[in-house]
Structure formats: C-alpha cells, structure tokens
Amino acid sequence: MSISTALTSVKSNFTKYLAKGAGIAALGIIAYDSHIVGKLQSDVYAKSRDAKACIQSFNNTQYLSSPSVTTSKLKKSVFNWEVESNVRNFFNSAIGYFKGFGSMLVENVVPLGLGLGALLGKGKWAKGSAIGLGVYAVVKFFKDILGLGHYNDLNQKF
C-alpha cells in the first residue's frame, strides 16, 4: 500500500474517523468523571456506615439489662472490635464506589448513549450520534460552563 493510497483512504473516511474519535472522547470523559465521583462516594459511604455502626455499638455499651461486670466487659470488647475493625470499611467502600460510578453513568445517560452510538454505530448512525454529541457539548458549554440560560438563585438580577 502506497502513501497516496493510504491518504486517499483517510480522506474518504475522515467523517467516520471523526465520529469514532468523538465517541471515544465522550466515553473517556464520562468514565473519568464517573471514576472520580465513585472514589469520592466510596469514602463518604464507607465512613458514614462505619460511624453508624460505631454509634450503634457504643449505644449498646451504655445499657445493661441486668447488673453484670462480665456482660459490661464483653459489650466493651465488642465495641472496641467494632471501632478497630476495617473489614466493613473495605466492603462499604466498594459499595460506595459502584454507587457513585453508577450515579454518574445515569446522570450522563444522554452523552453516554450518543458516545456509544458514535463509537459503535455504522454509517449514518455514527455520524448522527456524533452530530448529536456535538450539539449536546455546545449546549452544555453555554449553559453549564458559561452560565447562559441557567437560572441561578444566588445571583439574581434585580
């Protein structure tokens, strides 16, 4: 294959490659944002669940159904194990990550669908999805980044 043949092939399929590139870029941005929110949600969810478990365990140590030093010491040791254990944190952080990741995928369902259509579609479907993705990006830029056409309660104009 000569260089001129390769350039002719690229020129004739330029819109196809452009649509695929737009799909890859959109999916990459969505995956990055979802990963970051997943990491943040992982910490928040795990720490809040750990705090809730520690509070319940602490409240359990405050009351005895009958006076017993042994029961009191056992409750205290269960509380200490609850505070020092990080097994729950491991599982709760995984749950929190997938909750955060999934919530961002749901929030970005329109560009996700358009990006998948641009990347995996053929012919007019890929080009139409890429055009839709471009329109979505322009609207998002003007509305969310520049703040035009976005109602803001904090900065009302009198």
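Here the structure is a predicted model, which means the values were calculated and not measured.

Caption draft 1: Layout of the overall build of the protein. Per the secondary structure count, the protein includes six helices and zero strands. Taken from N to C terminus, the helices and strands of the protein fall in the order α-α-α-α-α-α. Compactness check: the protein gives a C-alpha radius of gyration of 27 Å against a globular reference of 15 Å for 158 residues, more than 25% above the reference. Principal axes of the C-alpha set define a box for the protein whose edges measure 90 × 60 × 20 Å.

Caption draft 2: Highlighting helix 6 (residues 124-145). Relative to the 32 Å expected for 22 residues at 1.5 Å per residue, helix 6 spans 30 Å between its end C-alpha atoms, a close match to the ideal helical length. Of all the positions in helix 6, only Ala126, Ser129, Ala130 and Leu133 are classed as buried. The buried side chains of helix 6 occupy one side of the element, clustering within an arc of 100 degrees when seen end-on. Turned more than 90 degrees away from the buried face of helix 6 sit Lys124 and Ile131, all of them exposed. Looking at the buried side of helix 6, the elements it contacts are helix 2 (14-61) and helix 5 (109-120). Once helix 6 ends, the next one or two residues include Gly147, with phi positive near 80 degrees.

Caption draft 3: View of the side chain of Ser42. When you line up the elements, Ser42 lands in helix 2. Residue class for Ser42 comes out buried when judged on its relative accessible area of 11%. Among the polar contacts listed, one links the side chain of Ser42 to the backbone oxygen of Ser93, at a separation of 2.9 Å. The contact partners of Ser42, leaving out residues within four places of it in the chain, are Asn92, Ser93, Gly96 and Tyr97.

Caption draft 4: Looking closely at the pattern of salt bridges. Inspection of every chain in the model, using the stated rule, returns two salt bridges. One salt bridge connects Arg88 with Glu82, and the closest N-O pair in it is separated by 2.1 Å. Its relative accessible area of 34% is what places Arg88 among the partly exposed residues. The exposure class assigned to Glu82 is buried, which follows from its relative accessible area of 12%. Two residues, Asp144 and Lys140, come together in a salt bridge whose shortest N-O distance is 2.9 Å. Of this pair, Asp144 and Lys140 both sit in helix 6, separated by four residues, roughly a single helical turn. Note on Asp144: relative accessible area 41%, which makes it partly exposed.

Caption draft 5: Representation of the packing of aromatic side chains. Evaluation of the coordinates by the stated rule reveals five aromatic pairs. Where Phe141 meets Phe142, the ring centres are 5.6 Å apart and the plane angle is 75 degrees; that geometry is what we call edge-to-face. Judged by relative accessible area, Phe141 falls into the partly exposed class, the value being 37%. Through a chain of ring-to-ring contacts, the aromatic side chains of Tyr97, Phe98 and Phe101 assemble into a single cluster.

Caption draft 6: Structural context of the confidence of the model for the protein. Of the residues in the protein, 91% have a pLDDT of 70 or more, and the chain-wide mean is 88. Averaged pLDDT values over the elements of the protein bottom out at 69 in helix 1 (residues 3-12) and peak at 94 in helix 4 (residues 87-107).

Caption draft 7: Region of interest: the packing of helix 2 against helix 3 (residues 69-84). Running from N to C, helix 2 and helix 3 cross one another at 170 degrees; their axes reach a closest spacing of 9 Å. In terms of orientation, helix 2 and helix 3 fall into the roughly antiparallel class. When helix 2 is examined against helix 3, the residues Ala53, Cys54, Ser57, Phe58, Asn60 and Thr61 are found in contact with a partner set consisting of Lys75, Lys76, Val78, Phe79, Glu82 and Val83. Counted by class, the contact of helix 2 with helix 3 contains six nonpolar, three polar and three charged residues.

Thresholds applied
- Residues numbered from 1 in each chain as written.
- Predicted model: local features only at pLDDT ≥ 70, side-chain atom pairs only at ≥ 80, totals over all residues.
- Heavy atoms only, no water.
- Helix = DSSP H or I, 4+ residues; strand = E, 2+ residues; numbered from the N terminus.
- Rg over C-alpha atoms; globule rule 2.2 N^0.38 Å.
- Expected span 1.5 Å × (residues − 1).
- Buried < 20%, exposed > 50% of the residue type's maximum accessible area, 1.4 Å probe, protein only.
- Arc of directions from axis to C-beta.
- Contact = heavy atoms within 4.5 Å.
- Polar contact = N/O pair within 3.5 Å; in protein donor to acceptor, adjacent residues only side chain to side chain.
- Salt bridge = Lys/Arg side-chain N within 4 Å of Asp/Glu carboxyl O.
- Phe/Tyr/Trp six-rings, centres within 6.5 Å; stacked < 30°, edge-to-face > 60°.
- pLDDT = per-residue confidence, 0-100.
- Axes fitted to C-alpha atoms, helices over the stretch in contact; angles between N-to-C directions.
- Parallel < 35°, antiparallel > 145°, perpendicular 65-115°, else oblique.
- Nonpolar A, V, L, I, M, F, W, Y, C, P; charged D, E, K, R; others polar.

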